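Survey of secondary and tertiary structure
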Amino acid sequence: MRCYVDGEWISADSGDTLEVLDPATGELVDTVPALGAKETRRAIEAAAAALPSWRSLTAADRAAVMMRLHGLMRSRTDELARLLTREQGKPLAEARAEILSGADFLEFYAEEAKRITGDVIPADRAGRRLVVIRQPVGVVAAITPWNFPSSMILRKIAPALAAGCTVVVKPAELTPLSALALGGLAEEAGVPAGVLNIVTGEPSVIGRELLESPVVRKLSFTGSTEVGRHLTRGSADTLKRVSMELGGNAPFLVFDDADLDLAVRGAVAAKFRNAGQTCISANRIYVQDRVHDEFARRLADAASSLRLGHGLDPATDVGPLISSAAVTKVEGLLAGAVAAGARVVTGGRSPGGRFFEPTVLTGVRDDLALGCEEIFGPVAPVYSFTDEDSVVARANATEFGLAAYVYTEDYRRAWRVGEALEYGMVGVNDSAIVTAAAPFGGIKASGSGREGSRYGIEDYTELKYLCLGGLGS
Ligand code: ADP
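Residues numbered from 1 in each chain as written. Predicted model: local features only at pLDDT ≥ 70, side-chain atom pairs only at ≥ 80, totals over all residues. Heavy atoms only, no water.

Next up on the list: the packing of aromatic side chains. Counted according to the given criterion, the structure contains eight aromatic pairs. With a centroid separation of 5.2 Å and 75° between ring planes, the pair formed by phenylalanine 108 and tyrosine 109 is classed as edge-to-face. Arranged with centres 5.5 Å apart and planes meeting at 40°, the rings of phenylalanine 252 and tyrosine 405 form a pair that is tilted. One end of the pair, phenylalanine 252, is in strand S12 (residues 250-254); the other, tyrosine 405, is in strand S17 (residues 403-407), with 153 residues separating them in the sequence. Judged by its relative accessible area of 0%, phenylalanine 252 is buried. Joined through ring pairs, the aromatic side chains of Phe105, Phe108 and Tyr109 make up one cluster. (Phe/Tyr/Trp six-rings, centres within 6.5 Å; stacked < 30°, edge-to-face > 60°. Helix = DSSP H or I, 4+ residues; strand = E, 2+ residues; numbered from the N terminus. Buried < 20%, exposed > 50% of the residue type's maximum accessible area, 1.4 Å probe, protein only.)

A few words on the sheet that holds strand S18 (residues 425-428). What holds strands together in a sheet is hydrogen bonding between their backbones, with the strands either parallel or antiparallel. The sheet built from seven strands is open, its strands ordered S14-S15-S16-S13-S12-S17-S18 with mixed pairing. Lying at the two open borders of the sheet, with one neighbouring strand each, are strand S14 (343-346) and S18. Between one strand axis and the next, the sheet turns by 25° as a mean value, whatever way the strands run. Of the pairings in the sheet, the one linking strand S13 (residues 282-288) to strand S16 (residues 379-385) comprises four bridges and is parallel in character. (Pairing = 2+ DSSP bridges. Axes fitted to C-alpha atoms, helices over the stretch in contact; angles between N-to-C directions.)

Before going further, it helps to examine the pairing of strand S11 (residues 241-245). Where strand S10 (residues 216-222) and S11 come together, five bridges link them in parallel fashion. Residue pairing in the sheet places leucine 219 in a bridge with valine 242 of S11. The handedness of the S10 to S11 crossover, carried by helix H8 (residues 225-234), is right-handed. As defined by bridge partners, S11 adjoins strand S19 (residues 447-448) across two bridges and the pair is classed as antiparallel. Residue pairing in the sheet places glutamate 245 in a bridge with glycine 447 of S19. (Right-handed = clockwise from strand over helix to strand, strands pointing away.)

Moving on: the sheet that holds strand S6 (residues 129-136). Pairing is antiparallel across the open sheet formed by three strands, whose spatial order is S5-S6-S20. Both edges of this open sheet fall to strand S5 (119-121) and strand S20 (461-468), since each of them pairs with a single strand only. Adjacent strand axes in the sheet meet at a mean angle of 25° when their direction is disregarded. Examined bridge by bridge, S6 and S20 share eight bridges and lie antiparallel to one another.

Position of glycine 248 relative to the elements: it lies in the loop between S11 and S12. On a C-alpha basis, the gap between glycine 248 and phenylalanine 400 in space is 5.4 Å, while along the polypeptide they are 152 residues apart.

Attention now goes to the packing of helix H9 (residues 260-272) against helix H10 (residues 289-304). At a minimum axis distance of 10 Å, the contact between H9 and H10 shows a crossing angle of 50°. Classified by the angle their axes make, H9 and H10 are oblique. In this structure, H9 crosses over H10, and the sense of that crossing is right-handed. Mapping the contact onto sequence places Leu260, Asp261, Ala263, Val264, Ala267, Val268 and Phe272 in H9 and Val291, Glu294, Phe295, Arg298, Leu299, Ala302 and Ala303 in H10. Along the lines of polarity and charge, the residues of the contact of H9 with H10 split into eleven nonpolar, no polar and three charged. (Parallel < 35°, antiparallel > 145°, perpendicular 65-115°, else oblique. Left-handed = near helix turned anticlockwise from the far one by under 90°. Contact = heavy atoms within 4.5 Å. Nonpolar A, V, L, I, M, F, W, Y, C, P; charged D, E, K, R; others polar.)

Here we take up the site of the ligand. The full set close to the ligand counts 18 residues, and Thr144, Trp146, Lys170, Glu173 and Ser224 are the nearest of them. Here a nitrogen atom of the ligand and a backbone polar atom of proline 203 are 3.4 Å apart. Contact with the protein chains covers 79% of the free accessible surface of the ligand, which is 550 Å². Counting residues per element, the ones that place at least two in the shell around the ligand are helix H7 (203-212), S10 and H8. The class makeup of the residues in the shell around the ligand is nine nonpolar, seven polar and two charged. (Near = heavy atom within 4 Å. Polar contact = N/O pair within 3.5 Å; in protein donor to acceptor, adjacent residues only side chain to side chain. Areas by Shrake-Rupley, 256 points an atom, 1.4 Å probe, with all protein chains shown as cover.)

What follows is the structure in structure tokens.
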């Protein structure tokens, strides 16, 4: 595939390409251009040139274009999902859900475009009026990860386009095909040339141009905390606004009054979806003493019944990890825990290739890398706890603060613990927390900014205060 810049499909000036491999088989799926600094600058210039007319459209006109894109995504869901599975590995049903979730963001923000309202503030003195309006921030750079190659882009471009911004997207080099497919649909939907540009290539080369350009007024990033820090520092010279959706280390608390069926189902989804490669995956599962053994047994039963396989096989529940390095990392974390006395209840090894068995562990010490780092694999460590205060303290003892989960039937405890957890999002008796209608985002080392809901549009608008004087008394 080629890159989409200023409404044209381009190759790299150098002719260089990057290979995109199927993580399940290692086969070549396609190649994409390895663009350089010059082509990236062209994309930024195109976005700047397209900005005045795009931001001047009425909200309804921008919404109409977005809804055409939404319609195309929905009518091509199967095709888009197959491409996503080939480059990323997740089971087809999850890929389909991702495409639909991304499309939901387009619909939500097409509607929200019409509600980007301001304020009239009661004047502090006679003869003038104080008015606040919201305007688009301008050209936006969006850098996205490989674990959700489609929806992570839509979560950024939907509010950006709704607000009247134009965008340069740099998808992850491991999964650029879904992004470029989206470019094709945008062209078909009538998104004007330059409003949405998609560039692929060496991250640091493209990243440097995006960071150093004074034209790019905002950077929206999803990825690791380490790269997020680098990009935040790199945004300082041009004082860009930044939104950072970074790593997580989600605690999953199960109290002894919880509905255990619900809790096990929630844990399976929060742990094994996308083979555990999500920033809100349950990373530490804390279960109260009285129900610990039963919960661990039930979770292990559920985990051992999940089928590993190629994502395109309809029988597959869990696909491969993204790379062999990811498998090595998971093996290392697991080996460290086992050496420190943890017990493998089910799973525990790679059956070959980039696959890793759904795994449940008990007896894990709190201070190990397994509990302190993002596992990003299908390994579920189950810890035990005795009382509420101590488990909340353990849950909060991390630099991260993205998502947390609590299972309890006691509504007072649900409120108390929900408020005490230092996280941007808390699922209470529910682990499927992602929706276009709600603000997704973290605190602490998990970043800043929110995606989804009416709050999400704020990241793409600037407030302007107009003081209208000389109006007499
Ligand atoms: P992950 O751990 O999910 O792979 P990364 O933070 O490594 O997350 O990557 C997320 C995105 O950031 C990808 O699109 C990647 O290409 C991009 N990226 C990585 N390093 C840089 C960089 N130096 N400049 C710009 N983008 C980068």
